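If you want the building blocks of each chain, they are given just below.
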Amino acid sequence: MHRLQAKTLDPRLGRDFPLPQYATEGSAGLDLRAMLQENTRLEPGQTLLIPTGLSIYIGDPGLAALILPRSGLGHKHGIVLGNLVGLIDSDYQGELMVSCWNRGHTAFEIAVGERIAQLVLVPVVQARFDLVEDFAESERGTGGFGHSGSH
Ligand SMILES: O=c1ccn([C@H]2C[C@H](O)[C@@H](COP(=O)(O)OP(=O)(O)OP(=O)(O)O)O2)c(=O)[nH]1
Ligand SMILES: [Mg+2]
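Definitions and limits used
- Residues numbered from 1 in each chain as written.
- Chains lettered and ligands numbered in written order.
- Predicted model: local features only at pLDDT ≥ 70, side-chain atom pairs only at ≥ 80, totals over all residues.
- Heavy atoms only, no water.
- Near = heavy atom within 4 Å.
- Polar contact = N/O pair within 3.5 Å; in protein donor to acceptor, adjacent residues only side chain to side chain.
- Areas by Shrake-Rupley, 256 points an atom, 1.4 Å probe, with all protein chains shown as cover.
- Helix = DSSP H or I, 4+ residues; strand = E, 2+ residues; numbered from the N terminus.
- Nonpolar A, V, L, I, M, F, W, Y, C, P; charged D, E, K, R; others polar.
- UniProt positions renumbered as here; feature names shortened; annotations may be inferred.
- Contact = heavy atoms within 4.5 Å.

Caption draft 1: Highlighting the site of ligand 1. Near ligand 1 the following residues occur: Ile67, Asn83, Gly86, Leu87, Ile88, Asp89, Tyr92, Glu95, Leu96 and Met97. With respect to ligand 1, the side chain of asparagine 83 contributes an N or O atom lying 3.0 Å from an oxygen atom. Taking 570 Å² as the accessible area of ligand 1 by itself, protein coverage stands at 49%. At the level of elements, strand S7 (86-88) and strand S8 (95-102) are the ones that each hand at least two residues to the shell around ligand 1. For the shell around ligand 1, a count of residues per class yields six nonpolar, two polar and two charged.

Caption draft 2: Structural detail: the UniProt feature "binding site: substrate" (unreviewed entry) in the protein. According to UniProt, the positions carrying the feature "binding site: substrate" (unreviewed entry) are Arg70, Ser71, Gly72, Asn83, Leu87, Ile88 and Asp89. For the annotated residues, spread through 20 residues, the largest C-alpha to C-alpha distance comes to 26.3 Å, inconsistent with a single compact locus. Within the secondary structure, isoleucine 88 sits in strand S7. Excluding residues within four positions of it along the chain, isoleucine 88 makes contact with Ile56, Ile58, Ala64, Ala65, Ile67, Leu96 and Leu119.

This is how it looks when you write it as structure tokens:
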């Protein structure tokens, strides 16, 4: 298990609400909670930046974290992310924020402390560009966007 430095920025986290944890041994995501002051209604089409009460410092440029929607909220209630996916840089030390977007057709009430998104730690490969005149020819070449057919 990787170790990650974290700070709670909201006294309710770890006291009234559990810290993010893996729901099962095989879980990839740690659920993030909406540390709002009060239950908040998200109207259809509305986007709200929600504090999680937590900051992390990944520290290693070979890692990053992704904030992803929870599938149940996204599929059943249309509650996804305003930025589709959140990318947490390894040098970011601020509060983890979740851009919550109601892409559905009905209002959704976000409860204080509700698990609204999930955080996944992922490996990253940083690259620099080596500019060249020509690439060694590949089987695909420049074909894309359906070039290989649909079957
Ligand atoms: O859903 C998100 C996305 C980003 N961040 C934080 C962590 C990330 O490291 C930082 C910057 O994110 P990003 O690089 O995606 O945003 P930007 O618009 O390019 O801002 P910046 O100019 O600060 O890099 O904001 C969050 O807390 N939640
Ligand atoms: Mg950026």
